[in-house]
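A look at the structure
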Amino acid sequence: MCGIAGWIDFSRNIRNENAVMEKMSRVLAPRGPDESGAFFSESCCFVHRRLVVIDPENGKQPMTLGSYTICYNGELYNTAELQGELERLGYAFSGHSDTEVLLTSYIQWGEECLERFNGIYAFAIWDGERKRLFMARDRAGVKPLYYSVTDSGLLFASEPKALLMHPSVKPVIDGEGVAQIMLLGPAVKPNSGIFREIKQVPPGCKLRYTREGLTLESYWQPTAEPHKETAEETAEHLAFLIRDSVTRQLVSDVPLCTFLSGGLDSSIISAIAAEEYRKKGETLSTWSVDYKGNRENFRASLFQPDEDAPWIVRMSEYIKSSHTNVVIDTEQLADALYSSTLARDAAGMADVDSSLYLFCGEVKKNFQVAVSGECADEIFGGYPWFRNEEMLNRSGFPWAAATVERYGLIREDILRNISPEEYVRQAAEETLDRTSYLDSDTPVERKMRGMFMLNFYWFMQTLLTRKDRCSMAHGLEVRVPFCDHRIAQYAYNIPPEIKFYREREKGIVRMAMEKVLPNDVAWRKKSPYPKTHNPDYTALMLMRFGEVLKKPDCRLCEIMDRGKLEELRDSEGAAFSKNWYGQLMTTPQMFAYLIQLEYWLRKYDVVIEK
């Protein structure tokens, strides 16, 4: 994977703007620690930071073919098929780099090349002859792509921090930004970069920029189609898609491992990968994360019914992998809140982010590529809110139960002209309005399609952002096979009675993978990403939150009521009775989020315009 950034300006010659572009490149260096490159012309400047994974010699960027230049972050998983097709059309290639194949595909098919790609990508192509920029982001939004339209033209980058290096982009948030942070965060709207002047290309969208201006449109989203297969046929079809996606994503010219949590999704990926490695006479390496004191302090809950540790051992022994378990200490976890905030350019999922940040740092010492089980829950209905009646019928987002409580923390002079529940409801409705239905859909099927869309374009994006930033901050590429668009499209049309086979979350996935996994693993109740249960962490968060409030210039108090925050501290979180976000962000994570938010406001010198 890589870091990309660029600047298009039709009003003046920017060929010599090396200093600005170097700043943008430098902050993206962790994403691409192996090589850097640049392209400068009168109206277009590109910079690229490369993490070498495929074809070290022939994949250097920016890459120019004829009048076209590409700056690309991602991976195509059908490179060989595309290259073969293009060779039959008369094209010749210097190697097996997917960069060259992607650019050649655009030269041959134009924007319709997107329909042929299987992969994760964010790229920009400059047509020097026509003075035209084309950008696109992969269907699932695995790879990030931000942009800003300013007096200096159009700027784009893999991360907001690079755009903030340009003098035309300021770290300003307005009322909309505050509303997102306080009522939706750590989620953000699909087109938002939180900062007022920064936008995000939504998943499955493409962008054109010429002298006439900017156009942004969707080229893909899940569409409703009749599902005519039985449960058994569905399981067989799904088993093929999952296995094909995983095996495609094992291709690498550098060392690769898998993440193994003991849950269904990572176990499926690791089992398939181990089988492929055995065919080559090799042993798969698997990695997991745990926390100091978790075994002694674990308490079962609706969201986390049992410990992961025994299941990790069970799976590692079953697939005969070489396993490494990374144990994170409480102080480490707390300190990494700041590093993970810098990686994400925003307050994130608290210690869920900081733990992944630390974990990826350890994995990177041995590997450049990892494969992970993210996104199966959003696609196949793995979360409790897909089946819990109260959550399923909640207005707005099913994982957001604390809207009123969050709003209650905000200062009276901020956001008092909005209804918090209406704001959240409207944000959800914007996605639901795009949902594709069949005329024959039952009310339950319509509800499930809407739930799919909310999870795919909101909750899943929060996790993908977390995964991308916390891994790429260390120059580690993490692949997510369940994000294959073929799987998403197929799953979108599986009827609820088949998707929840045997009345179980992800029941059809379990049925499809019964031959790959031990039976007890295949039917184990879902457990989310592991978090710390150590009470020392809660105590540490309370202490650090208290230190934040002691600052006379506490930045949180520019948004939130100091008295309410002090009440929150004095009650040790009892004044806020509901999860801050989703399954994992309970009391200590709420305090951690607020600590991250204060650090972000201070570190980025954020200006709040009411």
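Below: a short report on this structure. (Residues numbered from 1 in each chain as written. Predicted model: local features only at pLDDT ≥ 70, side-chain atom pairs only at ≥ 80, totals over all residues. Heavy atoms only, no water.)

1. Observations concerning unusual backbone geometry
The condition that has to hold: Numbered from the N terminus, helices here are DSSP runs of H or I no shorter than four residues, and strands are runs of E no shorter than two.
In this model, glutamine 61 is joined to proline 62 through a cis peptide bond whose omega is -10 degrees. Residue position: proline 62 is located in the loop between strand E3 (44-50) and strand E4 (63-65). Unlike most non-glycine residues, aspartate 605 shows phi in positive territory, near 50 degrees. Relative to the assigned elements, aspartate 605 resides in the loop between helix H23 (587-603) and strand E19 (607-608).

2. Things to note about the sheet that holds strand E12 (residues 205-210)
In plain terms, the rule: For two strands to be treated as a pair, DSSP must find no fewer than two bridges joining them. Axis definition: a line fitted to C-alpha atoms, over the contacting stretch in the case of helices. Angles run 0 to 180 degrees between N-to-C directions. The contact definition used throughout considers only heavy atoms, calling two residues in contact when any of these lie within 4.5 Å.
Pairing in this open sheet of six strands is antiparallel, and the strands run E4-E5-E6-E7-E12-E13 from one edge to the other. Sheet topology places E4 and strand E13 (213-218) at the edges, where each strand pairs with a single neighbour. For this sheet, the mean angle separating the axes of adjacent strands, direction not counted, is 20 degrees. By the bridge criterion, six bridges tie E12 to E13 in an arrangement that is antiparallel. When the bridges of E13 are listed, arginine 208 appears paired with threonine 215. Each of E4, strand E5 (68-76), strand E6 (119-127) and strand E7 (132-137) touches helix H3 (residues 98-109); the most contacted strand, E5, lies at about 125 degrees to it.

3. Topic: the nonpolar core
Note that soluble globular proteins tend to have their nonpolar side chains buried in a common cluster. The cut-off we apply is this: Nine residue types can take part in a nonpolar core, namely buried Ala, Val, Leu, Ile, Met, Phe, Trp, Tyr and Cys, and a core is a set of them joined through side-chain atoms within 4.5 Å. Relative accessibility thresholds used throughout: buried, under 20% of the residue-type maximum; exposed, over 50%; partly exposed, between the two (1.4 Å probe, protein chains only).
Judged by nonpolar contacts, the single largest core of 199 residues is most densely connected at Phe123 and Phe380. Every residue in contact with phenylalanine 380, bar those within four places of it in the chain, is listed here: Leu238, Phe482, Ile487, Ala491, Ile494, Lys499, Phe500, Lys506, Ile508 and Val509. Judged by nonpolar contacts, the second largest core, of 20 residues, contains Phe46, Leu145, Leu154 and Tyr209.

4. Remarks on H3
Spelled out, the test is: A helix's residues, less one, multiplied by 1.5 Å, set its expected span. As used in this structure description, the phrase polar contact means that two N or O atoms lie within 3.5 Å; if the pair is within protein, one of them must be able to donate a hydrogen and the other to accept it, and residues adjacent in sequence are counted only when both atoms belong to side chains.
In this model H3 runs 16 Å from its N-terminal to its C-terminal C-alpha over twelve residues, within 8% of the 16 Å that 1.5 Å per residue would give. Counting buried residues along H3, ten of its twelve residues qualify, which places the element largely inside the surrounding structure. What H3 keeps buried is the set Asp98, Thr99, Glu100, Val101, Leu102, Leu103, Thr104, Ser105, Tyr106 and Trp109. At its buried positions, H3 is contacted by E4, E5, helix H2 (79-88), E6 and E7. For H3, the side-chain oxygen to backbone nitrogen distance between the N-cap and threonine 99 is 3.0 Å, and the N-cap itself is serine 97. Once H3 finishes, glycine 110 follows within two positions and takes phi at roughly 65 degrees, a positive value.

5. A closer look at the pairing of strand E8 (residues 146-150)
By the criterion of burial, E8 is predominantly enclosed, with four of the five residues buried. Strand direction decides the pairing type here: E8 and strand E11 (residues 199-200), joined by two bridges, are antiparallel. Its bridge partner being in E11, tyrosine 146 is matched across the sheet by glutamine 200. Where E8 folds back on strand E9 (residues 153-157), the antiparallel hairpin that results is connected by two residues.

6. Quick look at the state of the cysteines
Test applied: Pairs of cysteine sulfur atoms within 2.5 Å are identified as disulfides in what follows.
A complete count under the given rule lists zero disulfides for this structure. This cysteine, cysteine 360, is not joined by any disulfide, and cysteine 470 carries the nearest cysteine sulfur, 6.7 Å off. Overall, the relative accessible area of 0% leaves cysteine 360 in the buried class.

7. Quick word on the packing of aromatic side chains
How we decide: Aromatic rings from Phe, Tyr and Trp, taking only the six-membered ring of Trp, are treated as a pair when their centres fall within 6.5 Å; an angle between ring planes under 30 degrees marks them as stacked, one over 60 as edge-to-face, and anything in between as tilted. For a Lys NZ or an Arg CZ to count as sitting over a ring, it must be within 6 Å of the ring centre and within 35 degrees of the ring normal.
Using the criterion set out here, one finds 31 aromatic pairs in the structure. Relative to phenylalanine 456, the ring of tryptophan 220 lies with its centre 6.1 Å away and its plane at 50 degrees, an arrangement referred to as tilted. Of the two residues, tryptophan 220 sits in the loop between E13 and helix H6 (231-248) while phenylalanine 456 sits in helix H16 (residues 443-472), which places them 236 residues apart along the sequence. In this structure tryptophan 220 comes out as buried when scored by relative accessible area, which is 13%. By relative accessible area, phenylalanine 456 is classed as buried at 1%. An aromatic cluster is built from Tyr383, Trp385, Phe397, Trp399, Trp458, Phe459 and Tyr581, whose rings are joined through pairwise contacts. The ring of phenylalanine 500 carries arginine 387 above its face, with NZ or CZ at 4.9 Å from the centroid.

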